[in-house]
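# A closer look at the structure
The lines below spell out each chain.
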Amino acid sequence: MSRLRIQGLLLSLSLAFCLNPAFAQELSENDDPSIQRVAPFQVFDNLYYVGAKWVAAWVLETDQGLILFDTLYGDLTDIAIDGIRELGMDPNDIRYVVVTHAHYDHIGGAKRMQDEFGAVVLMTEEDWAMVEEDPIYREYPKPRRHLVATNNGTLNLGRTGLRFVKTPGHTPGVLSTRFTVYDKGFPFQAIMFGGVGLNFEGVERTEMYIDSVKRLQRMGDIEVNIPNHADSGDVFARYEMLKTRKDGDPHPFVDPETYTAWLDQLLINAEAKLLQEQAALN
Ligand SMILES: [Zn+2]
């Protein structure tokens, strides 16, 4: 099956996952680690998937320790911790945890990363503020406030550098991150868009989301989409292709065309939502 066929097949699935606000509450299979467990795997020289089936967690390996993107939640957090060990790394080496936004499925294990491994948690000011408020979907252990990630801010660990981009909408302070991944030593520009779903209300927030997608579109040099829900970037289908890749074949995660088309579709969806939100005001 071609890459685009797979993308098309998974698009409807991913929309169901990301756009239905009740999804996470309706299906308890989401919370069951025996159903959600995925064997961890390496995607690039320096990037590993340690997430569950429906929500992602990624480890970026540096010469000075590990950077974890998102923390899963509840019993699912064990999947990330076990995965790091199974891949031959040590969770005590997690230096930083980048939380893409303060919904339970991404932030739920952050306090555990602080308590058990001494990791430093980064989030935007807006989403740290959410931690102080009543949670939108579910309760989670509240992490202690560590570092605030700012728009265009950077984080360096050893020779690895991250650059942050605020992309609000899904929450008021969605945090996206740019970084370099390496395939057999060859560098590619990657991004993690930190909040894709349209499960929020209001004209203002929808306009923020549209601005955020346009900000990502203007970057123009992104080659790799690293999503925080696996289906937003066909992670598992691409990994199947990666496993059978032959010498000289392109890396299946290096796919700027599909990333660009995905952003275009997100913009179309958001503009349709904006019309609905505006109509609801009249
Ligand atoms: Zn969310």
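Residues numbered from 1 in each chain as written. Predicted model: local features only at pLDDT ≥ 70, side-chain atom pairs only at ≥ 80, totals over all residues. Heavy atoms only, no water.

## Overview of the pairing of strand E9 (residues 160-166)
Where a strand is regular, its side chains alternate between the two sheet faces. Note the following rule: Each residue is assigned to one of three classes by its accessible area relative to the maximum for its type, calculated with a 1.4 Å probe on protein chains only: buried under 20%, partly exposed between the two thresholds, exposed over 50%. Going along the chain from the N terminus, every DSSP run of H or I of four or more residues is numbered as a helix, and every run of E of two or more is numbered as a strand. Only strands that DSSP links by at least two bridges are regarded as paired with each other.
Extensive coverage of E9 is indicated by the burial of five of its seven residues. Of the pairings in the sheet, the one linking strand E8 (residues 154-157) to E9 comprises four bridges and is antiparallel in character. In the sheet register, Leu157 faces E9, and the bridge partner there is Thr160. In textbook terms, the turn of a hairpin is the stretch between consecutive antiparallel strands, and for E8 and E9 this stretch comprises two residues, one of which, Gly158, has a positive phi near 60°. Two elements, E9 and strand E10 (residues 175-183), share four bridges in a ladder whose sense is antiparallel. Bridge assignment links Lys166 to a residue of E10, and that residue is Leu175.

## Regarding the coordination of the zinc ion
Where we set the bar: Donor criterion used throughout: N, O or S atom within 2.8 Å of the metal, extended to 3.2 Å for Na, K and Ca. Water excluded; incomplete-looking sites may result.
Surrounding the zinc ion are the protein donor atoms His101 (NE2), His103 (ND1) and His170 (NE2), at 2.1 Å. Positions of the donor residues of the zinc ion along the chain correspond to the pattern H-x1-H-x66-H. Here the residue His103 occupies a position in the loop between strand E5 (94-98) and helix H5 (104-107), and His170 occupies one in the loop between E9 and E10, the gap between them amounting to 67 residues. The exposure classification of His103 matches that of His170, with both residues buried.

## Some words on helix H8 (residues 203-219)
Residues that lie three or four places apart on an α-helix share one face, since the helix turns once every 3.6 residues. Under the convention used in this document: In this analysis, the expected span of each helix is defined as 1.5 Å times one less than the number of residues it contains. Whether two residues touch is decided by their heavy atoms; if any such pair falls within 4.5 Å, the residues are in contact.
Over its 17 residues, H8 runs 25 Å from end to end, which matches the ideal 24 Å to within 8%, given 1.5 Å per residue. Within the sequence span of H8, burial applies to Val203, Thr206, Tyr209, Ile210, Ser212, Val213 and Leu216. Summarising the contacts, the buried residues of H8 are in contact with strand E11 (186-192) and helix H10 (256-281). Two residues or fewer after H8 comes Gly220, characterised by a positive phi angle close to 75°.

## Quick word on the sheet that holds E9
We count it as follows: Orientation is described by lines fitted to C-alpha atoms, with helices fitted over the stretch in contact, and by angles between N-to-C directions that extend from 0 to 180 degrees.
Taken in spatial order, the five strands line up as E8-E9-E10-E11-E12 in an open sheet, and their pairing is mixed. Where the open sheet ends on each side, the last strands, each with one partner, are E8 and strand E12 (224-225). Both E10 and E11 contribute to a ladder of seven bridges, which runs antiparallel. Of the residues in E11, the one forming a bridge with Phe179 is Ala190. Contacting E9, E10 and E11, H8 crosses the sheet at an angle of about 140° to E9.

## Focus: the sheet that holds strand E2 (residues 47-49)
Reading across from one edge, E1-E2-E3-E4-E5-E6-E7 is the order of the seven strands in this open sheet, with mixed pairing throughout. In the strand order of this sheet, the two ends are held by strand E1 (41-44) and strand E7 (147-148), each with one partner. In this structure, strand E4 (residues 65-69) lies alongside E5, joined through four bridges in parallel fashion. From the neighbouring strand, Leu66 faces E5, where its bridge partner is Ile94.

## Regarding the pairing of E5
Heads up, the rule is: Seen with its strands pointing away from the viewer, a crossover is right-handed when the path leading from the first strand over the helix to the second is clockwise.
Taken across its five residues, E5 has four buried, putting it largely inside the fold. A crossover links E4 with its parallel partner E5, the connecting element being helix H4 (residues 77-86), and its sense is right-handed. Where E5 lies against strand E6 (residues 120-123), three bridges are found, and the strand directions are parallel. By the bridge assignment for E6, Tyr96 is matched with Val120.

## What about the packing of aromatic side chains?
Quick note on the threshold: For this analysis, a ring pair means two rings from Phe, Tyr or Trp (six-membered ring only for Trp) whose centres lie within 6.5 Å, classed as stacked if their planes differ by under 30 degrees, edge-to-face if by over 60, and tilted for the remaining angles. In this scheme, the term charge over a ring applies when either NZ of a lysine or CZ of an arginine sits within 6 Å of the ring centre and within 35 degrees of the ring normal.
Tallied over the entire structure, the rule returns 14 aromatic pairs. Ring geometry for Phe41 against Tyr49: centres 5.2 Å apart, planes inclined by 20°, an arrangement best described as stacked. Taking 4.8 Å as the distance between ring centres and 85° as the angle between the ring planes, the aromatic pair formed by Tyr73 and Tyr104 counts as edge-to-face. Taken together, the residues Tyr73 in the loop between E4 and H4 and Tyr104 in helix H5 connect sequence positions 31 residues apart. With respect to burial, Tyr73 and Tyr104 carry one shared label: buried. One Lys or Arg, Lys142, reaches over the ring of Tyr140 and ends 5.4 Å from the middle of that ring. For the cation-ring pair, Lys273 lies above Phe200, with the distance from its terminal atom to the ring centre recorded as 4.8 Å.

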